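Residues per chain, in single letters:
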Amino acid sequence: MKFGTKAIHAGIEPEEGTGAIMTPIYQTSTYVQPSPGKHKGYEYSRTQNPTRDALQKNLAALENSDHGLVFGSGMATTDAIMRLLKPGDEVLASNDLYGGTYRIFTQIYQDIGIKFKFVDMTDLNRISEQFSKNTKLVWIETPSNPMMNVIDIKGLSGVCKKFNALFCVDNTFATPYLQNPLDLGADISTHSVTKYLAGHSDVVMGALMTNSDSLHEKLAFIQNSCGAVAGPMDCFLALRGIKTLHIRMQRHCENGRRIAHFLKSHPKVSKVYWPGFEEHKNHDIAKRQMKDFGGMISFVLKNDKIGDAIQVMENVKLFSLAESLGGVESLCGHPASMTHASIPREERLKSGLKDSLIRLSVGIEDAEDLVADLEQALA
Ligand code: P1T
């Protein structure tokens, strides 16, 4: 099955009793059993829920994988994966990550004895030197939030295998429509479903996909034991959103391309971060491992003044100033004070994240209107 067909049909069966084509919202905490231990595969909704099952199967199919698990948020998903580790283990992470990911690593898991090393992985030449015998997990985002760094998934997966380290790719920015990390050798693909997958800014949710039966077994055990599951109503909304993922992504990419080129040619803009530019570092890798370049763009103004950047963010009318990304409506954000405020300033600056950087999540409105909005805000 091709992607669009899977987005609409994978994991979804008409409801048996009525033929309802939409997966019902099984808003139930428990299931009646005729006799102790005898049931229809469902005992309690933290463990299994039919609406969540349909979504998990659907998401697994989108990543060409055997297993999918959904959680109450992207961060709950990260938390579940981190619970595979024990004190003394080391994590090698890329140096540009969503602020919340950096925060859970350094303020929750570092405190219980897991070690973290944040390194630039856009160049894999000497990456082997960063591994030790204790490196148990490698964690990357590609493209990364918010610098749009592109990392060679296939290349890095080879190194991870050599060192016997689990390799996890946060695929939130690309989505399974543009990029499939498991096909390129990753062990886990993880997502904030909140973003493009659900797509309508009405759900907070996370997911992970894997081909490994043993990893799935461990992570499903964590999902049930720790209980950070997504509710049936949210699973329904995510299922509905995913049915148009391929169409939305095409438009996000189309609008993203238009806005990236508009910003690049604007006299007040000095630098635009978008993997579709030929001069973007690892553009060739992006071309190889992604179907297109997505709708996320960051940029800085020529004068590099924070006050002017803030004025642009206050002046936009169609773009809304808000955290999050990947919804149908365009958003702009100020990573330094919003999504990445939990990263110390000196660390942000080391990875190139300036105080004046503006991040755009380009929606699926008409591109002319979006360009006109940015034009007036920049003026
Ligand atoms: O917000 P939540 O569903 O918990 O997902 C966390 C998360 C994980 N990974 C990436 C790459 C992310 O961008 C996020 C959340 N990011 C934002 C809220 C943001 O505006 O960048």
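Residues numbered from 1 in each chain as written. Predicted model: local features only at pLDDT ≥ 70, side-chain atom pairs only at ≥ 80, totals over all residues. Heavy atoms only, no water.

Engineer: How would you summarise the pattern of salt bridges if you had to cite specific residues and measurements?
Structural biologist: On inspection of all chains with the given rule, the structure shows 13 salt bridges. Salt-bridge contacts for Asp304 lead to Lys354; the nearest nitrogen and oxygen are separated by 3.3 Å. Here Asp304 is found in the loop between strand E9 (296–301) and helix H11 (306–315), whereas its partner Lys354 is found in the loop between helix H12 (345–350) and strand E12 (358–361), with 50 residues between them in sequence. Measuring nitrogen to oxygen at the nearest pair gives 2.7 Å for the salt bridge that ties Asp355 to Arg345. Of the two residues, Asp355 sits in the loop between H12 and E12 while Arg345 sits in helix H12, which places them ten residues apart along the sequence. The class of Asp355 is buried, set by a relative accessible area of 14%. The exposure class assigned to Arg345 is partly exposed, which follows from its relative accessible area of 45%. Linked by salt bridges that have partners in common, Lys86, Asp89 and Lys136 make up one network. (Salt bridge = Lys/Arg side-chain N within 4 Å of Asp/Glu carboxyl O. Helix = DSSP H or I, 4+ residues; strand = E, 2+ residues; numbered from the N terminus. Buried < 20%, exposed > 50% of the residue type's maximum accessible area, 1.4 Å probe, protein only.)

Engineer: So what's going on with the domain arrangement of the protein? Which residues, and what values?
Structural biologist: Domain annotation of the protein identifies domain 1 (3–242) and domain 2 (245–378). Between domain 1 and domain 2 the total buried area reaches about 3,500 Å² when both faces are included, carbon and sulfur atoms providing 61% of it. The largest per-residue losses of area from domain 1 upon contact with domain 2 belong to Tyr177, Leu178 and Tyr196, which jointly make up 23% of the total buried on that side. Scanning the region where domain 1 abuts domain 2 turns up one salt bridge. Among the ionic pairs, Asp152 bridges to Arg288, the shortest N-O distance being 3.7 Å. Our enumeration of links across domain 1 and domain 2 arrives at 21 residue pairs in polar contact (both at pLDDT 80 or more). Those elements that place two or more of their residues in the side of domain 1 that touches domain 2 are helix H1 (3–9), helix H4 (99–109), helix H5 (153–162), helix H6 (175–178) and helix H8 (232–242). (Domains from an automatic or database assignment. Buried area = accessible area lost by both parts, 1.4 Å probe. Polar contact = N/O pair within 3.5 Å; in protein donor to acceptor, adjacent residues only side chain to side chain.)

Engineer: Give a description of the sheet that holds strand E8 (residues 269–273) that names residues and reports values.
Structural biologist: Backbone-to-backbone hydrogen bonds join strands into a sheet, with any given pair of strands oriented parallel or antiparallel. Spatially, five strands are ordered E8-E9-E12-E11-E10 in an open sheet, and the strand pairing comes out mixed. Where the open sheet ends on each side, the last strands, each with one partner, are E8 and strand E10 (320–321). For strand E11 (residues 331–333) and E12, the ladder comprises three bridges, and the chain directions are antiparallel. Looking at the pairing, Gly333 lines up with Arg359 of E12. (Pairing = 2+ DSSP bridges.)

Engineer: Outline the sheet that holds strand E1 (residues 67–71), listing residues and values.
Structural biologist: An order of E1-E7-E6-E5-E4-E2-E3 is seen for the seven strands of this open sheet, with the pairing classed as mixed. Two strands bound the open sheet, and with one partner strand each, they are E1 and strand E3 (115–119). Going from strand to strand, the sheet's axes swing by 20° on average, the running direction of each strand aside. Across five bridges, the pairing between E1 and strand E7 (residues 206–210) is antiparallel. Along E7, the bridge assignment pairs Phe71 with Gly206. Contacts from helix H7 (residues 213–226) reach E1, strand E5 (166–170), strand E6 (188–192) and E7 within the one sheet, and its direction differs from that of E1 by about 20°. (Axes fitted to C-alpha atoms, helices over the stretch in contact; angles between N-to-C directions. Contact = heavy atoms within 4.5 Å.)

Engineer: Break down the nonpolar core for me, with residues and values.
Structural biologist: Core analysis: the biggest nonpolar cluster contains 86 residues, and Met121, Val138, Leu156, Leu263 and Leu360 have the highest contact counts within it. Of the domains in this structure, domain 1 (3–242) and domain 2 (245–378) are the two that each give at least three residues to this core. For Met121, the contacting residues outside a window of four places in its chain are Leu92, Ala93, Ser94, Ile127, Val138, Ile140, Ile151 and Leu156. Counting 23 residues, the second largest nonpolar core, distinct from the first, contains Leu85, Phe105, Tyr109 and Leu208. (Core = buried A, V, L, I, M, F, W, Y, C linked by side-chain atoms within 4.5 Å.)

Engineer: Any chance you could break down H4 for me, citing the residues and the numbers?
Structural biologist: A large share of H4 lies buried, amounting to eight of its eleven residues. On its buried face, H4 is in contact with helix H3 (74–82), strand E2 (90–94), E3, strand E4 (135–141) and H12.

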